[in-house]
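# Reading the structure
Residue strings, one per chain:
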Amino acid sequence: MVSTVSPVRYAPSGDAFVAYRVMGSGPPVVLINDWFSHVGDLWRADSPFRPVLERLASISRLIVFDKRGQGLSDRFEGVPMLEQRMDDVRAVMQAAGSTRALLF
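Residue indices begin from 1 for each chain and proceed along its sequence in written order. Per-residue local features are limited, in this predicted model, to residues with pLDDT of at least 70; the limit for side-chain atom pairs, both in listing and counting, is 80 or more; totals at the level of whole chains, interfaces and linings are taken over all residues. With hydrogens and water stripped out, all remaining heavy atoms of the structure feed into the side-chain values.

## What about the overall build of the chain?
Note on conventions: DSSP H or I runs of at least 4 residues are helices, E runs of at least 2 residues are strands, and numbering of each starts at the N terminus. Scanning the chain from terminus to terminus reveals two helices and five strands. For the chain, the α and β elements follow one another from N to C terminus as β-β-β-α-β-α-β. Note on method: radius of gyration uses C-alpha positions; expected globular size equals 2.2 Å times residues raised to 0.38. Relative to a compact globule of 104 residues, whose C-alpha radius of gyration would be 13 Å, the chain shows 13 Å and is just as compact. For the chain, the spread of C-alpha atoms along the principal axes amounts to about 35 × 30 × 20 Å. Three labels apply to residues, based on accessible area from a 1.4 Å probe with only protein chains included: buried if under 20% of the type maximum, exposed if over 50%, partly exposed otherwise in between. With 104 residues in all, the chain has 41% of them scored as buried. For the area figures, the Shrake-Rupley method with a 1.4 Å probe applies, and any residue is considered shielded solely by the protein chains shown. Entry remark: accessible area of the chain is about 5900 Å², with carbon and sulfur atoms responsible for 57%. In the chain, 12 positive and 11 negative side-chain charges are present, and the distance between their average locations comes to 8 Å. None of His or the chain ends enter the tally, which takes Lys and Arg as positive and Asp and Glu as negative. Just so you know, the charge point we use is NZ for Lys, CZ for Arg, CG for Asp and CD for Glu.

## Re the sheet that holds strand 5 (residues 102–103)
Spatially, five strands are ordered 1-2-4-3-5 in an open sheet, and the strand pairing comes out mixed. One side of each edge strand has no neighbouring strand; the edge strands of this open sheet are strand 1 (9–13) and strand 5. For two strands to pair, DSSP has to find at least two bridges joining them. By the bridge criterion, four bridges tie strand 3 (residues 28–31) to strand 4 (residues 61–65) in an arrangement that is parallel. Its bridge partner lying in strand 4, P28 is registered against R61. Between two residues, a contact is recorded if the distance between any of their heavy atoms is within 4.5 Å. Throughout, an axis means a line fitted to C-alpha atoms (over the contacting stretch in the case of helices), and angles, computed between N-to-C directions, take values from 0 to 180 degrees. Contacts between helix 1 (residues 50–59) and the sheet are confined to strand 2 (16–24), strand 3 and strand 4, with strand 4 contributing the most and set at about 135 degrees to the helix. Sheet strands touched by helix 2 (residues 82–96): strand 1, strand 2, strand 3, strand 4 and strand 5. Its angle to strand 1, the strand with the most contacts, is close to 130 degrees.

## Structural notes on the pattern of salt bridges
Salt bridges are identified by distance alone: a Lys or Arg side-chain nitrogen within 4 Å of an Asp or Glu carboxyl oxygen. The tally for this structure, following the rule as stated, stands at four salt bridges. Overlapping salt bridges bring together D15, R68 and D88 as one network.

## Topic: the confidence of the model for the chain
For every residue, the predictor states its confidence as a pLDDT score lying anywhere from 0 to 100. Confidence in the prediction for the chain averages 89 pLDDT; 93% of positions are at 70 or higher. Mean pLDDT across the elements of the chain ranges from a minimum in helix 1, with 90, to a maximum in strand 1, with 97.

## Details of a nonpolar patch on the surface
A cluster of nonpolar side chains, contributed by I32, L82, M86 and L103, occupies part of the molecular surface with about 340 Å² of accessible area. Tracing the sequence through the fold places M86 in helix 2. The class of M86 is partly exposed, set by a relative accessible area of 30%. For patch building, the residue pool is restricted to those with more than 30% relative accessible area and no salt bridge; the joining distance is 9 Å between like charges and 5 Å between nonpolar side chains (Val, Leu, Ile, Met, Phe, Trp, Tyr).

## Here we look at the pairing of strand 3
Note: strand 3 against strand 5, two bridges, orientation parallel. Within the sheet, the bridge partner assigned to V29 lies in strand 5 and is L102.

So, in structure tokens, the structure goes:
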């Protein structure tokens, strides 16, 4: 079990706030996901993703976030452009204190 799971935080990105969490320590890894509903539920005991995330966090500083319009992040009308999605990734990385990271 990873003991260093941050509370849900919010990174400002343009006109939206993007929900994210940081867990573990080591080289930063940003998980860009479509697997789970939102970062608030990741560490529930019954989460099917918890073992995978715990393993990743055991070897890295894992940064996970909800895409704009999903989970705990601000709602969005339509589909965000790729540029907005990348701005969101950069905003989360900056808020988490990482200038470089492996994207997964």
